[in-house]
Amino acid sequence: MTPIQIDFGKQERVVGIDLGTTNSLVGYMDAAQHPSVIPGEDGDKLVPSVVTLTRKGDVIVGNKARAALIDEPDRTVYSIKRLMGRGAGDVQEELKLFPFRIAEGSESVIRIQLGERTFTPPEISAFILRQLKKNAEAFLGEPVTKAVVTVPAYFNDAQRQATKDAGRIAGMDVLRLVNEPTAAALAYGLDKRRDGIVAVYDLGGGTFDISILKLHDGIFEVLATNGDTHLGGDDIDNRLIHIALEDVHSEWGKDISHYGDAVQTLRRAVIEAKERLSFVPATNIEFAYKGKKYQREITREVFEKLIADIVDRTLGPCRNCIKDAGVAVEQIDEVVLVGGSTRIPMVRNAVETLFRAKPHTDLNPDEVVALGAAVQAGILSGTVENQLLLDVTPLSLGIETMGGVVSKLIHRNSTIPASATETFTTAVDGQRNVLIHVLQGERELAKDNRSLARFDLKDIDPLPAGMARIEVRFLIDANGILNVTARDARTGKEQSVDIKPSYGLTDEQVEAMISESIDRAEEDFRARQVAEARVEADRILAAVDKAKQNDAYLDLTDQERNDITRALNELLVVYHSDDHLLIRAKIEQLNNLTMKLAENMINTAVSSALKGTKI
Amino acid sequence: MNPVSSNYYDFFGLEHKLDLDLPDLEKRFYSLSRQYHPDRYTLKSREEQQYALDATAILNDAYRTLRDPLARAEYLLKENGFDIGEQGSKNVPPELLEEVFELNMALEELRGGDDSARPALEEARKKFVAMREQIDSDLRGQFTEYDRARDRNVLAEIRGILNRRRYVRNLVNEVEKELTGAAA
């Protein structure tokens with residue numbers, strides 16, 4: 001009898017990715033089950049979320065792309081996260097402040113012009129994800145295809161879907177979208193307190209989130225969340241840029257706000273000044289363009305006046321969140337700060353005043369989300385056992401009813417997965433379709449909420465008006481993404497639903513982008529492995545060549561020398577193939593056959609060294 | 001993969017009672033979450049993932065309902081065939097007719113910009129909040145009574161109290177909205 005073969009295999013690795021507005025990071029659980037951030041090729045853990053398309057048509061991401069912001073502003077894009085899941089109609093405000101070049105014909109899905117090509121925001125995010133994937137693969141020495149990706153807690157359905165699409169386009173299986181503040185709590189809670197109530201204040205480059213969690217014996221239960229998906233460090237930078245541009249206009253008599261390279265250089269300068277101001281009471285904004293110089297002193301006091309309303313805008317959501325969580329401020333045991341903007345002393349003070357607690361800053365605010373994503377990756381792959389995240393949906397889900405009023409089905413701050421079932425019927429005899437408009441938001445009227453999608457219940461059995469009963473189930477999954485299924489309550493048979501997302505890509509569009517990119521991603525990975533194998537081959541070929549000059553080589557038997565020559569030729573034959581496994585096999589063979597030679601060489605070296613020693 | 005019960009009480013392994021021990025409910029919720037949460041099924045088959053998703057959705061919906069005494073009572077009433085919910089709350093409870101009439105007058109005045117109606121509204125708000133507290137206390141009494149006797153007449157009584165409570169709650173909300181809105 002043949003024993004049943006059980007393939008335990010190797011647990012496939014899941015990485016944790018923080019896909020940020022300004023910077024992106026990838027983390028993993030190391031052998032000791034500690035979360036850790038993986039550095040990129042340049043040794044930097046932060047990969048700037050900047051993408052550039054070179055004139056040769058290559059896509060470059062990260063620090064190198066950041067340099068291109070100044071040299072090639074028309075081929076480079078940053079802060080793309082601000083456009084995820086949004087339509088052309090709702091980014092007009094954004095366009096006044098960000099040099100996004102929206103291609104013509106953008107409606108429900110925006111297309112960004114980079115040089116001569118156009119890309120959707122999920123495609124641009126996919127370039128960033130692919131770079132992180134590459135970094136992780138180089139670091140771990142194995143293919144990486146599964147990931148946890150973080151999103152702002154206050155991201156709506158379309159923004160979440162767009163993030164998932166980006167993962168698919170990048171050839172990654174996104175096992176879970178995790179809310180950023182929740183991830184941060186995981187990173188903190190891992191070896192900290194076991195029980196208590198914790199608030200996470202997360203002010204990043206482009207988004208603000210506040211979450212309140214209850215920690216109980218490894219369970220992280222989110223009680224409430226709130227935020228603003230368009231509020232962050234970028235807004236502070238824009239204030240400073242605006243002032244500097246006005247100064248320059250009056251000093252130089254020239255409006256440089258339409259020169260992309262000038263604005264980007266200035267942007268760099270104000271960011272540096274902003275960062276210095278967290279540590280010194282005054283600093284200079286220094287900027288040079290085409291031989292001209294601009295300099296302006298800025299004190300922390302002036303800076304704080306300038307950003308006071310931005311900091312203030314974070315406090316309303318905090319108060320609402322405390323209220324929704326059903327806790328009193330005094331019950332909150334700890335406050336955790338996340339995101340680069342929380343380094344600003346004024347932000348820290350505001351948080352301290354509101355929560356009446358000194359905020360925690362032991363973990364690097366730039367890395368804590370990626371570390372938490374790595375922990376969640378560990379939970380999903382089963383290596384982290386006691387922890388469990390119970391998150392909530394940030395926005396209420398409802399359907400449009402008569403008179404444009406919203407009927408809420410799933411309330412905000414409901415633990416996910418959450419579901420609601422609603423029965424629909426027909427209004428006229430023989431009606432075959434029912435259209436359901438699904439919205440997200442807290443307002444009474446449909447027009448004031450975010451339209452998610454229109455679901456068309458099709459092929460309803462023709463019956464007198466009001467007789468059909470279609471049961472529709474709205475399910476928000478653990479990623480915070482809506483799934484809709486319907487069945488005919490009379491017959492019990494599944495009812496077909498046609499989904500028209502209000503914003504974002506259709507499934508077909510994503511599929512097309514995937515097939516285009518997956519080929520390339522696999523190609524990239526294989527090419528790298530082949531290149532690495534050839535480097536190895538070069539090394540051993542050079543070593544053997546050198547060894548042939550050594551006396552030890554002549555000491556070998558004819559057979560041994562023949563074997564080495566044969567193996568060497570075989571390696572040369574496969575050297576230019578694109579099969580890295582074959583190259584490796586031949587390297588191994590040559591290595592084994594030259595083992596004795598190497599030993600002899602060492603012995604010869606030792607004895608000749610001894611000979612040379614005068615006693 | 002044993003099929004889970006879609007009945008909220010059964011899912012939690014609880015008797016169909018109106019008075020629940022909330023710390024015990026929370027403990028059960030955490031333990032069931034550890035058992036069914038989709039995070040525990042990520043690397044399993046598609047069927048198992050769907051199972052976890054469906055089970056956890058029921059679990060979460062159940063917890064949300066059972067931990068809130070009003071939602072819990074509505075659920076138990078529905079289970080027992082008292083399914084009129086919202087409809088009942090639209091009719092003015094007879095004993096409140098006079099109060100509601102006066103309140104509406106005061107609201108009209110305030111909306112018309114007459115700030116002298118404010119003290120009357122403050123007064124009304126206090127009265128309705130007190131009324132709501134009284135209702136809550138009545139409800140607790142009836143919960144205990146039902147759990148003891150399992151009498152459908154008690155459920156009918158609770159149905160009436162819940163309708164009255166919803167009506168009063170709406171009044172409080174409306175008055176508070178007017179008062180804070182007018183002040184802003």
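Above: the structure in question.
Residue positions are counted from 1 within each chain, in the order its sequence is given. The order in which chains are written sets their letters, starting at A; the order in which ligands are written sets their numbers, starting at 1. Whole-chain, interface and lining totals are the exception, using all residues; otherwise, since this is a predicted model, local features are given only for residues with pLDDT of at least 70 and side-chain atom pairs are given and counted only at 80 or more. To obtain the side-chain values, all non-hydrogen atoms of the structure were included, while hydrogens and water were left out.

*Asks:* It is not clear to me how the overall build of chain B should be interpreted in this structure. Could you clarify?
*Replies:* By the criteria applied, helices consist of DSSP H or I runs no shorter than four residues and strands consist of E runs no shorter than two, each listed in order from the N terminus. Within chain B, the regular secondary structure consists of seven helices and zero strands. The secondary structure elements of chain B, listed N-terminal to C-terminal, are α-α-α-α-α-α-α. Expressed along its principal axes, the backbone C-alpha trace of chain B runs to roughly 65 × 45 × 30 Å. Classification of the 184 residues of chain B by burial places 42% in the buried group. For this analysis, residues touch if any pair of their heavy atoms sits within 4.5 Å. Pairs at least 24 residues apart make up 71% of the contacts formed inside chain B by residues separated by at least 6 positions. Looking at chain B as shown, the accessible area adds up to about 10100 Å², and 49% of this sits on carbon and sulfur atoms. Under the counting rule used here, the positive set is Lys and Arg, the negative set is Asp and Glu, and His together with the chain ends is not counted. Charge positions are represented by NZ for Lys, CZ for Arg, CG for Asp and CD for Glu. One finds the centroid of the 28 positive side-chain charges in chain B at a distance of 5 Å from the centroid of its 36 negative side-chain charges. Residue burial is assigned from relative accessible area. The probe radius is 1.4 Å, only protein chains are included, and a residue is buried under 20% of its type maximum, exposed over 50%, and partly exposed in between. To be clear on the numbers: accessible area is Shrake-Rupley with a 1.4 Å probe, and residue cover counts the displayed protein chains and nothing else.

*Asks:* I would appreciate a short explanation of the interface of chain A and chain B in the present structure.
*Replies:* Interface size is commonly expressed as the accessible surface area that is lost when the partners come together. Each side of the interface is counted separately: chain A has 30 residues, and chain B has 20 residues. Taken together, both faces of the contact between chain A and chain B bury some 2100 Å²; the carbon and sulfur share is 52%. Just to be clear on terms, a salt bridge is a Lys or Arg side-chain nitrogen sitting within 4 Å of an Asp or Glu carboxyl oxygen. Summed over the shared surface of chain A and chain B, the result is three salt bridges. A salt bridge links B:Asp39 to A:Arg176; the shortest N-O distance between them is 2.3 Å. As used in this structure description, the phrase polar contact means that two N or O atoms lie within 3.5 Å; if the pair is within protein, one of them must be able to donate a hydrogen and the other to accept it, and residues adjacent in sequence are counted only when both atoms belong to side chains. Linking chain A with chain B are 14 residue pairs in polar contact (both at pLDDT 80 or more), by the criterion used here. At the level of secondary structure, the elements contributing two or more residues to the side of chain A that touches chain B comprise strand E11 (173-179), strand E13 (208-216), strand E14 (219-228), helix H11 (368-381), strand E18 (388-390), strand E21 (418-424) and strand E24 (470-476) of chain A. Using a 1.4 Å probe, buried area is obtained as the accessible area two parts lose upon being combined, added over both of them.

*Asks:* Where do I start with helix H7 (residues 260-276) of chain A in this structure?
*Replies:* At 3.6 residues per turn, the α-helix brings residues three or four places apart onto the same side. Residues and elements named next belong to chain A. Every helix has an expected span of 1.5 Å times one less than the residues it contains. Here H7 is 17 residues long and its end C-alpha atoms lie 24 Å apart, about the 24 Å a rise of 1.5 Å per residue gives. For H7, the set of buried residues is Ala262, Val263, Gln264, Leu266, Arg267, Ala269, Val270, Ala273 and Lys274. Looking at the buried side of H7, the elements it contacts are helix H1 (63-71), strand E7 (76-78), helix H6 (233-252), strand E15 (282-289) and helix H8 (300-313).

*Asks:* Help me understand the pattern of salt bridges in this model?
*Replies:* This model, assessed by the stated rule, comprises 45 salt bridges over all chains. Among the ionic pairs, A:Arg566 bridges to A:Asp563, the shortest N-O distance being 3.4 Å. Here A:Arg566 pairs with A:Asp563, and both are found in helix H14 (residues 558-574), just three residues apart, close to one helical turn. A relative accessible area of 41% means that A:Arg566 is categorised as partly exposed. Two residues, B:Glu74 and B:Arg159, come together in a salt bridge whose shortest N-O distance is 2.9 Å. Linking B:Glu74 in helix H4 (residues 69-79) with B:Arg159 in helix H7 (residues 152-183), this pair joins segments that are 85 residues apart in sequence. Of the two residues examined, B:Glu74 and B:Arg159, each falls in the buried class. What emerges from the salt-bridge pattern is a single network uniting A:Arg82, A:Asp234, A:Asp235 and A:Arg267.

*Asks:* Would you explain the state of the cysteines in this entry?
*Replies:* Covalently bonding the sulfur atom of one cysteine to the sulfur atom of another cysteine gives a disulfide. Note on terminology: pairs of cysteine sulfur atoms within 2.5 Å are recorded as disulfides. Scanning the model with the defined rule gives zero disulfides over all chains in all. The closest cysteine sulfur to the non-disulfide-bonded A:Cys321 is located on A:Cys318, 7.3 Å from its own sulfur.

*Asks:* Please clarify how the side chain of B:Thr56 should be interpreted in this entry.
*Replies:* Relative to the assigned elements, B:Thr56 resides in helix H3 (residues 46-67). Excluding its chain neighbours within four sequence positions, the residues that come into contact with B:Thr56 are A:Pro417, B:Tyr36, B:His37 and B:Pro38.

*Asks:* Any chance you could explain the side chain of A:Ser341 here in plain terms?
*Replies:* All names here are of chain A. In this fold, Ser341 is placed in the loop between strand E17 (334-338) and helix H10 (345-355). At 3.4 Å, the side chain of Ser341 forms a polar contact with the backbone nitrogen of Gly233. When neighbours within four sequence positions are excluded, Ser341 is seen to be in contact with Leu203, Gly204, Gly232, Gly233 and Val347.

*Asks:* Which parts of the structure should I look at to understand the packing of H8(A) against helix H9 (residues 315-325) of chain A?
*Replies:* Helices that pack against each other are described as a pair by the angle of their axes relative to one another and the distance between those axes. Residues and elements named next belong to chain A. The N-to-C vectors of H8 and H9 enclose an angle of 20 degrees; their axes lie 4 Å apart at closest approach. Classified by the angle their axes make, H8 and H9 are roughly parallel. Side by side, H8 and H9 meet where Val311, Asp312 and Arg313 of the first sit next to Leu315, Gly316 and Pro317 of the second. Charged means Asp, Glu, Lys or Arg here, nonpolar means Ala, Val, Leu, Ile, Met, Phe, Trp, Tyr, Cys or Pro, and polar covers whatever is left, Gly included. Grouping the constituent residues of the contact of H8 with H9 by class yields three nonpolar, one polar and two charged. To obtain an axis, a line is fitted to C-alpha atoms, over the contacting stretch when the element is a helix, and the angle between two such axes runs from 0 to 180 degrees between their N-to-C directions. Throughout this description, any angle smaller than 35 degrees is read as roughly parallel, any larger than 145 degrees as roughly antiparallel, any in the 65 to 115 degree range as roughly perpendicular, and the remainder as oblique.

*Asks:* Sorry, what's going on with the packing of helix H5 (residues 180-189) of chain A against H11(A) here?
*Replies:* Residues and elements named next belong to chain A. Following both chains from N to C, one finds H5 and H11 inclined at 80 degrees, their axes separated by 7 Å at the closest point. Here H11 runs roughly perpendicular to H5, going by the angle between their axes. Contacts from Glu180, Ala183, Ala184, Leu186, Ala187 and Tyr188 in H5 reach Val368, Val369, Leu371, Gly372, Ala373, Val375, Gln376 and Ile379 in H11. When the residues that make up the contact of H5 with H11 are grouped by side-chain class, the tally is 11 nonpolar, two polar and one charged.

*Asks:* Is there a simple way to think about the nonpolar core in this case?
*Replies:* Most often, soluble globular proteins keep nonpolar side chains buried together rather than apart. B:Phe12, B:Leu18, B:Leu66, B:Leu103, B:Leu121, B:Leu155 and B:Ile158 are the most contacted members of the largest nonpolar core, which has 55 residues in total. Those elements giving two or more residues to this core turn out to be E18 of chain A together with helix H1 (8-11), helix H2 (22-36), H3, H4, helix H5 (97-111), helix H6 (118-149) and H7 of chain B. Within the second largest apolar cluster, 53 residues are counted, among which are A:Leu231, A:Val327, A:Ile332 and A:Phe355. For this analysis, a nonpolar core means a set of buried residues of the types Ala, Val, Leu, Ile, Met, Phe, Trp, Tyr and Cys, connected via side-chain atoms within 4.5 Å.

*Asks:* Help me out: how do you make sense of H6(B) in this one?
*Replies:* Residue and element names in this part refer to chain B. Its 32 residues give H6 an end-to-end C-alpha distance of 46 Å, which sits within 8% of 46 Å, the value for a rise of 1.5 Å per residue. Those residues of H6 that fall on the buried side of the exposure criterion are Arg118, Leu121, Ala124, Phe128, Val129, Ile135, Leu139, Phe143, Tyr146 and Asp147. Arg150 sits one or two positions beyond H6 and adopts a positive phi of about 50 degrees.

*Asks:* Teacher, can you tell me more about the sheet that holds strand E6 (residues 59-61) of chain A here?
*Replies:* Strands belonging to one sheet form pairs held by backbone hydrogen bonds; the direction of such a pair is parallel or antiparallel. Residue and element names in this part refer to chain A. What the three strands build is an open sheet, ordered E6-E5-E7; its pairing is antiparallel. Lying at the two open borders of the sheet, with one neighbouring strand each, are E6 and E7. Sheet twist, expressed as the average angle between the axes of neighbouring strands with direction ignored, equals 15 degrees. Here strand E5 (residues 50-53) runs beside E6; their pairing, made up of three bridges, is antiparallel. Of the residues in E6, the one forming a bridge with Val51 is Val61. Across the sheet, helix H3 (residues 121-140) lies against E5, E6 and E7, angled at about 65 degrees from E6, the strand it touches most. Note on pairing: DSSP must find at least two bridges between two strands before they are called paired.

*Asks:* Even after reading the chapter, I still don't get the sheet that holds E18(A), so can you show me in this structure?
*Replies:* Residue and element names in this part refer to chain A. Reading across from one edge, E17-E12-E13-E14-E18 is the order of the five strands in this open sheet, with mixed pairing throughout. Across the chains shown, the open sheet's two edge strands, defined by having one partner strand only, are E17 and E18. Strand-to-strand twist in this sheet, taken as the mean axis angle between neighbours without regard to direction, amounts to 25 degrees. Bridge count for strand E12 (residues 195-203) against E13 is nine bridges, and the pairing is antiparallel. What sits directly across from Tyr201, in E13, is Ile210.

*Asks:* Would you explain the pairing of E13(A) in this entry?
*Replies:* Side chains on a regular strand alternate between the two faces of the sheet. Residue and element names in this part refer to chain A. When you tally the buried positions in E13, you get seven out of nine residues, the bulk of the element. What sits between the antiparallel neighbours E12 and E13 is a turn of four residues. Relative to E14, E13 runs antiparallel, the two sharing nine bridges. Of the residues in E14, the one forming a bridge with Ile212 is Ala224. If you look at the hairpin formed by E13 and E14, you'll find two residues sitting between the two strands, and Asp217 has a positive phi there, around 50 degrees.

*Asks:* Help me understand the pairing of strand E16 (residues 292-299) of chain A in this model?
*Replies:* Taken together, the eight bridges between E15(A) and E16(A) define a ladder with antiparallel strand orientation. Considered in E16(A), the bridge of A:Ala288 is made with A:Lys293.

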